[in-house]
Amino acid sequence: MTTERLDQPRALRRSLRPHYDPEAFGRLSEQIARFLGTARFIVYMTVVVAIWVIWNAFAPPNLKFDPYPFIFLTLMLSLQASYAAPLILLAQNRQGDRDRIQYEQDRETAERNQAEIEYLTREIAGLRLALNELATRDYLRAELGRLAEEIKESR
């Protein structure tokens, strides 16, 4: 029985499975899903289907490749839909993950802001209490005026 040494990297093993970068695949799926949700895609698909139907309805018999009930067209549209649906779901899952991360960051920011507001509120309350104990300008003027009157009277 051999044990792995933690101070050395593992030996590379060959695998029959193809390797792909999940992040790159996710970005590609988002781009495809973003395109599938546009009016441009609908126009392109409408043009392709219209050309397909017109060609196979009115072309000479030896040039028709998908005669009327257009089974090959149905197969192609089903194939496109079978690839589009998982790509759209993958893009939605990635967006959901980003939304959860953004929500968590927003929540932490809101908590920090709330703590700062509470701290500032306590500081303002402390300053107000301290100012109540200090003599104000109007109070000092009144006292000086009273003392000046007392000095005038005592002369």
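Remember, it's a predicted structure, so these values are computed and weren't measured experimentally.

Parameters and conventions
Residues numbered from 1 in each chain as written. Predicted model: local features only at pLDDT ≥ 70, side-chain atom pairs only at ≥ 80, totals over all residues. Heavy atoms only, no water. Helix = DSSP H or I, 4+ residues; strand = E, 2+ residues; numbered from the N terminus. Rg over C-alpha atoms; globule rule 2.2 N^0.38 Å. Buried < 20%, exposed > 50% of the residue type's maximum accessible area, 1.4 Å probe, protein only. Contact = heavy atoms within 4.5 Å. Areas by Shrake-Rupley, 256 points an atom, 1.4 Å probe, with all protein chains shown as cover. UniProt positions renumbered as here; feature names shortened; annotations may be inferred. Phe/Tyr/Trp six-rings, centres within 6.5 Å; stacked < 30°, edge-to-face > 60°. pLDDT = per-residue confidence, 0-100.

Concerning the overall build of the protein
Then, in step 1: For the protein, the count of helices and strands is four helices and zero strands.
Then, in step 2: Going from N to C terminus, the protein has its helices and strands arranged as α-α-α-α.
Then, in step 3: By the compact-globule yardstick of 15 Å for 155 residues, the protein is too spread out, its C-alpha radius of gyration being 39 Å.
Then, in step 4: The dimensions of the protein, computed from C-alpha atoms along their principal axes, are 135 × 65 × 15 Å.
Then, in step 5: The buried share of the protein, taken over its 155 residues, is 10%.
Then, in step 6: In the protein, of all internal contacts separated by at least 6 residues, the share reaching a separation of at least 24 is 56%.
Then, in step 7: Of the accessible surface of the protein, which amounts to about 14300 Å², a share of 63% is contributed by carbon and sulfur atoms.

Considerations on the side chain of Glu30
Then, in step 1: Relative to the elements of secondary structure, Glu30 occurs in helix α1 (residues 22–36).
Then, in step 2: What makes Glu30 buried here is its relative accessible area of 10%.
Then, in step 3: When sequence neighbours within four positions are dropped, the list of residues in contact with Glu30 reads Ala91, Arg94, Gln95 and Arg98.

Overview of the UniProt feature "transmembrane region" (unreviewed entry) in the protein
Then, in step 1: According to UniProt, the positions carrying the feature "transmembrane region" (unreviewed entry) are residues 41–58 and 70–91.
Then, in step 2: A distance of 25 Å separates the end C-alpha atoms of residues 41–58, which is 100% helix and 0% strand.
Then, in step 3: Helix makes up 95% of residues 70–91 and strand 0%, and the two end C-alpha atoms of the span are 31 Å apart.

Details of the packing of aromatic side chains
Then, in step 1: Counted according to the given criterion, the structure contains five aromatic pairs.
Then, in step 2: Ring geometry for Trp52 against Phe72: centres 5.5 Å apart, planes inclined by 35°, an arrangement best described as tilted. You can see Trp52 sitting in helix α2 (residues 39–58) and its partner Phe72 sitting in helix α3 (residues 71–133), a full 20 residues away along the chain.
Then, in step 3: Since its relative accessible area comes to 15%, Trp52 is described here as buried.
Then, in step 4: Given a relative accessible area of 37%, Phe72 falls into the partly exposed group.

Notes on unusual backbone geometry
Then, in step 1: A positive phi angle, near 55°, is found at Phe70, a position not held by glycine.
Then, in step 2: Turning to its location among the elements, Phe70 is positioned in the loop between α2 and α3.

Points about the confidence of the model for the protein
Close inspection of predicted coordinates is inappropriate in any region flagged by low pLDDT.
Then, in step 1: Looking at the protein as a whole, the pLDDT averages 88, with 97% of positions reaching at least 70.
Then, in step 2: Summarising per-element confidence for the protein, the mean pLDDT is lowest in α1 (86) and highest in α2 (94).

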